[in-house]
Number of protein chains: 2
Amino acid sequence: MIKERLAKLRALMEREGLDAYLILTQDFHGSEYVGEYFKCRKFMSGFTGSAGSLLVMKDMAGLWTDGRYFLQAEKELADTSITLFKMQEEGVPKLSDFLADKLPDGGKLGFDGRAFNYKAAQNFLKVFEKKEKKISFVYDKDLVGEIWEDRPALSAEPTMLLDLFCTGKSRKDKISDIRRAMAEKKADYFVLSSLDDIAWLLNIRGADVNCNPVVLSYLAMTEESLILFINEKVLSDSVREALSLDGVTFAPYNAVYDYVKQIPEGKSLYVDDKKTNYAIMMNRAEGVKLLTGDNFTLLPKCIKNETEVNNEREVHIRDGVAVTKLIYWLKKNVGKIPMTELSVAEKFEELRSVQKHYMGPSFEPIVGYGEHGAIIHYSATKESNVILEPKGFVLMDTGGQYLEGTTDITRTVALGELTREEQEAFTLVLRGNLNLAAAKFKTGICGANLDYLARFPMWEQGLDYNHGTGHGVGCFLNVHEGPVSFHWRIREEERTTYTELAEGMVISDEPGLYFEGKFGIRTENLIVCKKAEKTEYGQFLTFETLTMVPIDLDAVLVENLSERERKLLNTYHKKVYETLSPYLEAEEVEWLREATREV
Amino acid sequence: MIKERLAKLRALMEREGLDAYLILTQDFHGSEYVGEYFKCRKFMSGFTGSAGSLLVMKDMAGLWTDGRYFLQAEKELADTSITLFKMQEEGVPKLSDFLADKLPDGGKLGFDGRAFNYKAAQNFLKVFEKKEKKISFVYDKDLVGEIWEDRPALSAEPTMLLDLFCTGKSRKDKISDIRRAMAEKKADYFVLSSLDDIAWLLNIRGADVNCNPVVLSYLAMTEESLILFINEKVLSDSVREALSLDGVTFAPYNAVYDYVKQIPEGKSLYVDDKKTNYAIMMNRAEGVKLLTGDNFTLLPKCIKNETEVNNEREVHIRDGVAVTKLIYWLKKNVGKIPMTELSVAEKFEELRSVQKHYMGPSFEPIVGYGEHGAIIHYSATKESNVILEPKGFVLMDTGGQYLEGTTDITRTVALGELTREEQEAFTLVLRGNLNLAAAKFKTGICGANLDYLARFPMWEQGLDYNHGTGHGVGCFLNVHEGPVSFHWRIREEERTTYTELAEGMVISDEPGLYFEGKFGIRTENLIVCKKAEKTEYGQFLTFETLTMVPIDLDAVLVENLSERERKLLNTYHKKVYETLSPYLEAEEVEWLREATREV
């Protein structure tokens, strides 16, 4: 079947005079997850992993994917004639290098420019230039679309409006702010295609991307107009009316491409070229003055207002009740009633779903028992699923979407006896988590200035974790939200590490330790940046921990904590107890008192 | 007299058709200190401060300087007709803005392009462009030189060779390394004008810049040739011979400008445009391909080799003996024999000068008693000099040049009773100093990732210090040496904060606290970056403290130290005692034992 599809694609490539056709794993908006309509790479290759790029040439087809998927891809690509390229393995060429080497000089590379990030495409061009290969892009052909007869429809979930008690700022005020920012940059047109930015700006939510409550759409603004490019069927009359009242007009989803084409020469167009697809960028007329920079929505979305922060606090109590009940249930029942990674994940959903205004998971839950805890991107499947036994650790990284906010929490829980090594590792991770959350610093400080606080307990032992320490989190929006982050890397080309921490930013604090084949630990809270005192030296800032769930004292070596760390842990646990106990059953409260005892 | 000089300059400006003439405080090499020959701004304005820019137009003359010099400049500029522009004060225009506003469109701005950093000149052009003013530069006229009849000669101190036991790497090997780097960048020509880079590369030292043991010269390299542009009188026969043996040829100091002009079109010229003057940059023919980047010498100079690190250790013992003797003398004699800030500075020189291979101070000593300690750039003068009394703090920031290395140390010493506030502040600074020096981290980490360690004790109290936490230090070279540093600011345009820490880098660790009108504290050690273990997570690094001088326990509130900080202090003091006591008199040893006691 795959071979047939490849043959059809090659025929279309010949029709178009293409030497190669590239199929990435992206939707038109750079979303973190890709809906069924956009799964062209899966359709063409049979490979079902979440990341991978398929290259088809006359005489070869290759799939590039990363270490998480080598085994799976080998299995799924058998008998497809597609070669697996194991990314990062020695001797395996990068896709861009491979193209530069294999394509003829003057060759033509085709792809659907809507499903290819502009900056990423530019990076390909840079590689070609470096290798002195002239290659032109043909980006306006969705050849897979021509082949894919029973292609699923674009997601068209209903759009809902968010009330002021959720957003804290009206659509009208947000739009005015953006227009002011446009005027400052002398931007006549502003085109926005990242879905969480659109949802934030218009105070709307949907369900068009898995776990991300966003609405498939593009948005274009001028000083007078604001056009939402959208499948109008997803708008009820009342939603349409409310948006119209604030000056929003509507156009078909794909009409944005023609819209960009007709921007008059001499006018200026502002886009975030890091977050825009190749087709939008290239569709502008030559005489249009291009202005690039971060989306005007980026920082105001990241900096939560007072209403949003209060809502997040409240939501974290609900979520904390659910997760704490789960941990109690787990500790009480493990080894007594049957439970597996998958059934625990279901239990999370069950306990969250009875909480007020719960809207669904904020990402696919990770429940990894024992050695599965060491696989950072583990997601239990029917095949991998194991039974939880009353010993060792289970690592549980889950989160919820609520009407008023988003949660993301990891707890590693001891199900029974632990080894000394497990306790030592758990205590190191805990120390990192506590020290970062207790930072006090001045305005101007970035995540990269503070990352050391989470890592030094590990580094002192020659250990480390190969992921960032924290990411920004949206407010009933994407659980991974830029531009703020905690990471030590100061990358010159990536903005995230430069973002100054500011009051209202919600960020995760999630150091970990992973021992392949043995166990994994991560302890994650969400923290919100708050103002402390202002002195002649500047405005000082601190964090407040939003997440309210006990950290498993059964796994802590108290003697390995410093005096200060012990106090920080006790203070946190005291607050957890006081906050959650009113919402728990008597036996749960009794357990929680012990679970949050002073150490 | 100043008015006459200005009149002469204005006549020359008219002859050249210039609308304005700019006189900065720079030598031709961007050195930190400016020799007598280069003091044109002082000659033309009468203002003697170390920083300031003089602008002369037909109908005005203005001097821009910073807060350190407002009082002095007001006094010195009286009756000169020169207006003082107080930089950073509200309502005072920047020099570049002033020029953009006052110069006529199409106007001509003259300056000596040899004494104007290229990047700084570019920044002026950017301001003009932003304000849509067309202004051209006339950069080849040293008009002050025409007026200045009894101008001092260029410094022409003898050049000395450094032996392999000092440098650890031969001139020949260094030159080969640079040629390899040139080949990698496809650089046909490499022009080097920063004096410490030239001295490092050729293993020569001189005394042409105050406190910096460098030789006035330029250097130009190709694959075959290496020309040193220098006043040949400073070269003895043996020095000349040794350099010649390694392929160095000689040309007159100022011939570098013609040399750059004759680089053939089509060839490539590599320069560090951040460290090169405007004239050199502009003298190249249009068809020369310009390559810019850090000087090839920058990192190898910064990363000290094993010989240099061993030498630095040894030199810090000698220096530590001198400074420890001074502190003992101070504690014993204050209030009993007369001593002033200036006499203490002389005592430093006296005690250092008897140490092996002492070559002079590495910068002008800062000895600030009481409230003078709060003035960060304080340097005692006959007018400001005060008597030291047996109470409060004296802050002493001094350093020495030795044949094998450079030192830089600050100790704040209690001369008698202290207030609780003074002790608290001292202890905060000490905590910052100890915590930074005790960092353990991974390869890839920059100064900006660690700066928090030095600042957090202050930040926790809403306090801060308005200077960097540390700078790189040369090896018998400049005491301020790039590119490594400790500062939290992640500036996009400045390279220093990106420099990854690496084995062999010598950096200062110098947090402080300053209370205007009251007292100041700084505790500074030099630390060297060292390899720790290599694990599957990467190569780990730590610091070793080079400076060996006790920290005044009379000022420490031991109860304000954490357990870990107490241990760090005790470990340091134990090492100081063991290292220095063999070199001290009996009574000094007795005192040192007490001064380094366990707390």
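The structure this text deals with has already been given above.
Predicted model, so just to flag it, every value in this text is computed and none were measured. (Residues numbered from 1 in each chain as written. Chains lettered and ligands numbered in written order. Predicted model: local features only at pLDDT ≥ 70, side-chain atom pairs only at ≥ 80, totals over all residues. Heavy atoms only, no water.)

Quick look at the pattern of salt bridges
The final tally for this structure, using the stated rule, is 98 salt bridges over all chains. Notably, a salt bridge pairs K442 of chain A with D464 of chain B, separated by 2.5 Å at the nearest N-O pair. Of this pair, K442 of chain A sits in strand β21 (residues 440-442) while D464 of chain B sits in the loop between α17 (447-459) and β22 (470-472), each in a different chain. Classification of K442 of chain A by relative accessible area gives buried; the value is 9%. Of the charged contacts, one joins K141 of chain B and E16 of chain B as a salt bridge, the two residues approaching to 3.8 Å between their closest N and O atoms. Pair noted here: K141 of chain B is in the loop between β6 (135-138) and α6 (143-147) and E16 of chain B is in helix α1 (residues 2-16), with a separation of 125 residues, a long-range link. One salt-bridge network, held together by shared partners, links R15, E16, K141 and E146 of chain A. (Salt bridge = Lys/Arg side-chain N within 4 Å of Asp/Glu carboxyl O. Helix = DSSP H or I, 4+ residues; strand = E, 2+ residues; numbered from the N terminus. Buried < 20%, exposed > 50% of the residue type's maximum accessible area, 1.4 Å probe, protein only.)

Considering unusual backbone geometry
Here the bond from G482 of chain A into P483 of chain A is cis, since omega is -5 degrees, no more than 30 degrees from zero. Here P483 of chain A lies in the loop between β22 (470-471) and β23 (485-486). Located in the positive-phi region is S81 of chain B, a residue other than glycine, with phi close to 75 degrees. As for its placement among the helices and strands, S81 of chain B is situated in the loop between α3 (70-77) and β4 (83-86). Taking the relative accessible area as the measure of exposure, S81 of chain B reaches 44% and is therefore partly exposed. Despite not being glycine, E132 of chain B shows a phi value in the positive range, around 55 degrees. Mapped onto the elements, E132 of chain B comes out in the loop between α5 (118-130) and β6.

Comments concerning the interface of chain B and chain A
Contact with chain B, which involves 31 residues of that partner, is made by 31 residues of chain A. Roughly 2900 Å² is buried in total at the junction of chain B and chain A, and carbon and sulfur atoms are behind 59% of that figure. Broken down residue by residue, the surface that chain B buries against chain A is led by Y452, I490 and Y537 of chain B, which jointly contribute 23%. For the pair chain B and chain A, the number of links is 4 salt bridges. Inspection of the region where chain B meets chain A yields 14 residue pairs in polar contact (both at pLDDT 80 or more). Residue contributions to the side of chain B that touches chain A peak at 6 residues, all from α17 of chain B. (Contact = heavy atoms within 4.5 Å. Buried area = accessible area lost by both parts, 1.4 Å probe. Polar contact = N/O pair within 3.5 Å; in protein donor to acceptor, adjacent residues only side chain to side chain.)

Things to note about the packing of aromatic side chains
Residues and elements named next belong to chain A. All chains considered together, the criterion is met by 70 aromatic pairs over all chains. Taking 5.6 Å as the distance between ring centres and 85 degrees as the angle between the ring planes, the aromatic pair formed by F116 and F124 counts as edge-to-face. Classification of F116 as buried rests on a relative accessible area of 2%. On the accessibility criterion, F124 (11% relative accessible area) is buried. Arranged with centres 5.7 Å apart and planes meeting at 20 degrees, the rings of F393 and F426 form a pair that is stacked. Taken as a pair, F393 in strand β17 (residues 393-398) and F426 in helix α16 (residues 420-437) lie far apart in primary sequence, 33 residues in all. An aromatic cluster of three or more residues is present, and its members are F111, F116, Y118, F124, F128, F137, Y139 and Y278. Across from the ring centre of Y465, 4.0 Å away, lies the NZ or CZ of R455, which sits over that ring. (Phe/Tyr/Trp six-rings, centres within 6.5 Å; stacked < 30°, edge-to-face > 60°. Lys NZ or Arg CZ within 6 Å of the ring centre and 35° of its normal.)

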